[in-house]
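Tertiary structure, described
What follows is the residue order along each chain.
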Amino acid sequence: MPPSFLGEFEQMVLLAILQQGDRAFALEVRRELEQSAGRSVSRGAFYTTLDRLERKGLVRWEERTPEDSRRSAPLRRFEVTAEGLEGLRESRRALDALSRGLDHLLEST
């Protein structure tokens, strides 16, 4: 069971990690966030959120060397835990329930 509802930015970071899959290194996750959300992401806010998600048990990381990198030193590759996935599902269910019947207001024309 997730500890609490996720904040918007926490959800976005978790989704960006899932989108990147095996390439979920910090730089790639941050780029995914910026491209998909269309907004700039400060380095401090991003790493603070990653640390908080790790403390909550919603992400974990392992050291890996990216295959297509010029760097030889390993980097942190992030992965969403089962608890993180459940947190995303709960947030989505809540948003779907709150949005029910509001399509005429929420859909763009």
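About the criteria used
Residues numbered from 1 in each chain as written. Predicted model: local features only at pLDDT ≥ 70, side-chain atom pairs only at ≥ 80, totals over all residues. Heavy atoms only, no water. Helix = DSSP H or I, 4+ residues; strand = E, 2+ residues; numbered from the N terminus. Buried < 20%, exposed > 50% of the residue type's maximum accessible area, 1.4 Å probe, protein only. Contact = heavy atoms within 4.5 Å. pLDDT = per-residue confidence, 0-100. Expected span 1.5 Å × (residues − 1). Phe/Tyr/Trp six-rings, centres within 6.5 Å; stacked < 30°, edge-to-face > 60°. Polar contact = N/O pair within 3.5 Å; in protein donor to acceptor, adjacent residues only side chain to side chain. Core = buried A, V, L, I, M, F, W, Y, C linked by side-chain atoms within 4.5 Å. Patch = residues over 30% accessible without salt bridge, like charges linked within 9 Å, V, L, I, M, F, W, Y side chains within 5 Å. Areas by Shrake-Rupley, 256 points an atom, 1.4 Å probe, with all protein chains shown as cover. Salt bridge = Lys/Arg side-chain N within 4 Å of Asp/Glu carboxyl O.

With that out of the way, let us pick up the overall build of the protein. When you go through the protein residue by residue, the secondary structure sums to 5 helices and 2 strands. Sequence-ordered secondary structure for the protein, helices as α and strands as β, is α-α-α-β-β-α-α. Its C-alpha atoms give the protein principal-axis dimensions of roughly 55 × 35 × 25 Å. Among the 109 residues that make up the protein, the fraction classed as buried is 30%.

What follows is about the environment of Leu50. Inspection of the secondary structure assignment puts Leu50 in helix H3 (residues 43–55). For the pair formed by Leu50 and Trp61, sequence separation is 11 residues and the distance between their alpha carbons is 10.0 Å. In contact with Leu50, other than residues within four places in its own chain, are Val13, Ile17, Val59 and Phe78.

This part is about the confidence of the model for the protein. Confidence in the prediction for the protein averages 91 pLDDT; 95% of positions are at 70 or higher. Per-element averaging of pLDDT across the protein places helix H5 (residues 103–106) at the bottom with 92 and helix H1 (residues 8–20) at the top with 97.

In this model helix H4 (residues 82–99) runs 26 Å from its N-terminal to its C-terminal C-alpha over 18 residues, within 8% of the 26 Å that 1.5 Å per residue would give. Against the buried residues of H4 lie H1 and strand E2 (75–80). Just downstream of H4, Gly101 is the residue with a positive phi angle, here 80 degrees.

A few words now on the packing of aromatic side chains. Per the stated rule, a full pass over the model turns up 1 aromatic pair. Measuring from centroid to centroid gives 5.3 Å for Phe46 and Tyr47, while their planes differ by 75 degrees, and the two rings are edge-to-face.

When you line up the elements, Glu10 lands in helix H1. A polar atom in the side chain of Glu10 sits 2.9 Å from the backbone nitrogen of Gly7. With near-sequence residues (within four places) excluded, Glu10 lies in contact with Phe5, Thr49, Arg52, Leu53 and Lys56.

We now examine the nonpolar core. Among the nonpolar cores identified, the biggest contains 20 residues, and Val13, Leu14, Ile17, Leu33 and Phe46 are the most heavily contacted of them. Counting only elements with at least two residues in this core, the list comes to H1, helix H2 (26–37), H3 and E2. In terms of residue count, H1 provides more of this core than any other element does, 6 residues in total. Not counting residues within four places of it along the chain, the set of residues in contact with Phe46 comprises Phe9, Val13, Ala26, Val29, Arg30, Leu33 and Val41.

Looking now at a nonpolar patch on the surface. On the surface, Leu15, Leu18 and Leu85 cluster together into a nonpolar patch covering about 230 Å² of accessible area. Mapped onto the elements, Leu15 comes out in helix H1. The partly exposed category is assigned to Leu15, whose relative accessible area is 44%.

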